[in-house]
Amino acid sequence: MKFFVDTAEVSDILELDKLGLVDGVTTNPSLVKKSGRDFIEVIREICEAVAGPVSAETVALDYEGMLAEGRKLGQLASNIAIKVPLTWDGLKACRTLTEEGRMVNVTLCFSANQALLAAKAGATFISPFVGRLDDINLDGMELIRDIRTIYDNYGFETEILAASIRGANHVSEAALAGADVATCPPAVLKTLASHPLTDKGLAAFLKDWEATGQKIV
Ligand code: G3P
């Protein structure tokens, strides 16, 4: 499963990239606002920093507006994935932009039918928001499983990009469910290697090793 970082904070992206954890980046208007940065500038900087797909979201609600914004974003770098919302205009824009050879990430997906439409529109990625379904007491991971089944039933190549990831359990559950990608806040990615028994076991090994009085080098 690929790990994307869900942030517009360049410093976090660079830090995680050093750990070999960054297969791509996703942003959205809320994350851009949080960064306090100029949208075009920060997207351009992120695209230069990572080799993988970088999702940048359109904000127009109409087909023509999405095309204009998507084409402008697509010109920033070759690794741009244009994000469009899962609406009829977004699906139409997805088809046109993918036919023009651009990567498209269809976002704000909350149902299997929406994901089916995105795949039929040629989406490169579909972004089901797991956490936001959990927030209203629905099973977000069940949606990932359903999309996986549907896509495999018909051989759709659209990649399932599990989004709205709230913690480490979502990451392992998304992998078990067959997601192609999990896009995670930096804080979640940083916790993935942590386990209290690892810390306890390492401390015990080192205590016993010190007692031997030996050195390896
Ligand atoms: O990429 C989508 C993600 O940023 C949404 O996450 O926590 O706002 O539901 P959240």
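The preceding data block contains the structure.
Residues numbered from 1 in each chain as written. Predicted model: local features only at pLDDT ≥ 70, side-chain atom pairs only at ≥ 80, totals over all residues. Heavy atoms only, no water.

When helices and strands are tallied, the protein chain shows 11 helices and eight strands. The principal-axis extents of the C-alpha atoms in the protein chain amount to approximately 70 × 40 × 30 Å. The buried share among the 217 residues of the protein chain stands at 48%. Taking all contacts inside the protein chain whose residues are at least 6 apart in sequence as the whole, residues at least 24 apart take part in 58%. In the structure as shown, the protein chain presents an accessible area of about 11,300 Å², 54% of it carried by carbon and sulfur atoms. (Helix = DSSP H or I, 4+ residues; strand = E, 2+ residues; numbered from the N terminus. Buried < 20%, exposed > 50% of the residue type's maximum accessible area, 1.4 Å probe, protein only. Contact = heavy atoms within 4.5 Å. Areas by Shrake-Rupley, 256 points an atom, 1.4 Å probe, with all protein chains shown as cover.)

The next point concerns the sheet that holds strand β4 (residues 80-85). With respect to topology, eight strands assemble into a closed barrel ordered β1-β2-β3-β4-β5-β6-β7-β8, the strand pairing being parallel. Strand-to-strand twist in this sheet, taken as the mean axis angle between neighbours without regard to direction, amounts to 30°. Relative to β4, strand β3 (residues 54-57) is paired through four bridges, and the arrangement is parallel. Bridge pairing in β4 links Ala 56 to Ile 82. Contacts from helix α5 (residues 88-99) reach β4 and β5 (103-109) within the one sheet, and its direction differs from that of β4 by about 155°. (Pairing = 2+ DSSP bridges. Axes fitted to C-alpha atoms, helices over the stretch in contact; angles between N-to-C directions.)

Restricting attention to buried positions, one finds in helix α6 (residues 112-120) the residues Ala 115, Ala 118 and Ala 119. The buried residues of α6 occupy an angular sector of 100° when projected down its axis, which confines them to one face. Facing away from the buried side of α6 by more than 90 degrees, the exposed set consists of Asn 113 and Lys 120. (Arc of directions from axis to C-beta.)

As a further point, take the site of the ligand. With respect to spatial proximity, the complete set of residues near the ligand consists of Asp 6, Asn 28, Leu 31, Lys 83, Phe 129, Arg 132, Ser 164 and Arg 166. Arg 166 is positioned with one of its side-chain polar atoms (N or O) 2.9 Å from an oxygen atom of the ligand. Taking 310 Å² as the accessible area of the ligand by itself, protein coverage stands at 80%. (Near = heavy atom within 4 Å. Polar contact = N/O pair within 3.5 Å; in protein donor to acceptor, adjacent residues only side chain to side chain.)

Attention now moves to the environment of Ile 40. As for its position among the elements, Ile 40 is in helix α3 (residues 39-49). For Ile 40 and His 170, which are 130 residues apart along the polypeptide, the C-alpha to C-alpha distance reads 31 Å. If we skip the residues at most four places from it in the chain, Ile 40 touches Lys 72, Leu 73 and Leu 76.

This brings us to the environment of Gly 101. Positionally, Gly 101 belongs in the loop between α5 and β5. The class for Gly 101 is exposed, based on a relative accessible area of 66%. When the C-alpha atoms of Gly 101 and Pro 196 are compared, they prove to be 47 Å apart, with 95 residues separating the residues in sequence.

Turning to α5, a few remarks are in order. Given 3.6 residues per helical turn, the α-helix brings residues three or four places apart onto the same face. Over its 12 residues, α5 extends 17 Å from the first C-alpha to the last, a length consistent with the 16 Å expected when each residue adds 1.5 Å. Those residues of α5 that fall on the buried side of the exposure criterion are Gly 90, Leu 91, Ala 93, Cys 94, Thr 96, Leu 97 and Thr 98. In this structure, the buried residues of α5 make contact with α4 (63-74), β4, β5 and α6. After α5 finishes, the residue Gly 101 shows a positive phi value of roughly 90°. (Expected span 1.5 Å × (residues − 1).)

Of all six residues that make up β4, six are buried, and the element is covered over most of its length. Side chains Ile 80, Ile 82 and Val 84 of β4 all project onto a buried face; the interleaved residues Ala 81, Lys 83 and Pro 85 project onto the opposite face, where all are buried too. With α4 bridging β3 and the parallel β4, this β-α-β connection has right-handed handedness. Where β4 and β5 come together, five bridges link them in parallel fashion. (Right-handed = clockwise from strand over helix to strand, strands pointing away.)

Attention now goes to unusual backbone geometry. Notably, Leu 108 is not glycine yet its phi reads approximately 60°, a positive angle. By secondary structure assignment, the location of Leu 108 is in strand β5. Relative accessible area serves as the criterion here: at 32%, Leu 108 is assigned to the partly exposed category. Although it is not a glycine, Ser 164 adopts a positive phi angle of roughly 60°. Relative to the elements of secondary structure, Ser 164 occurs in the loop between β7 (159-162) and α9 (168-177).

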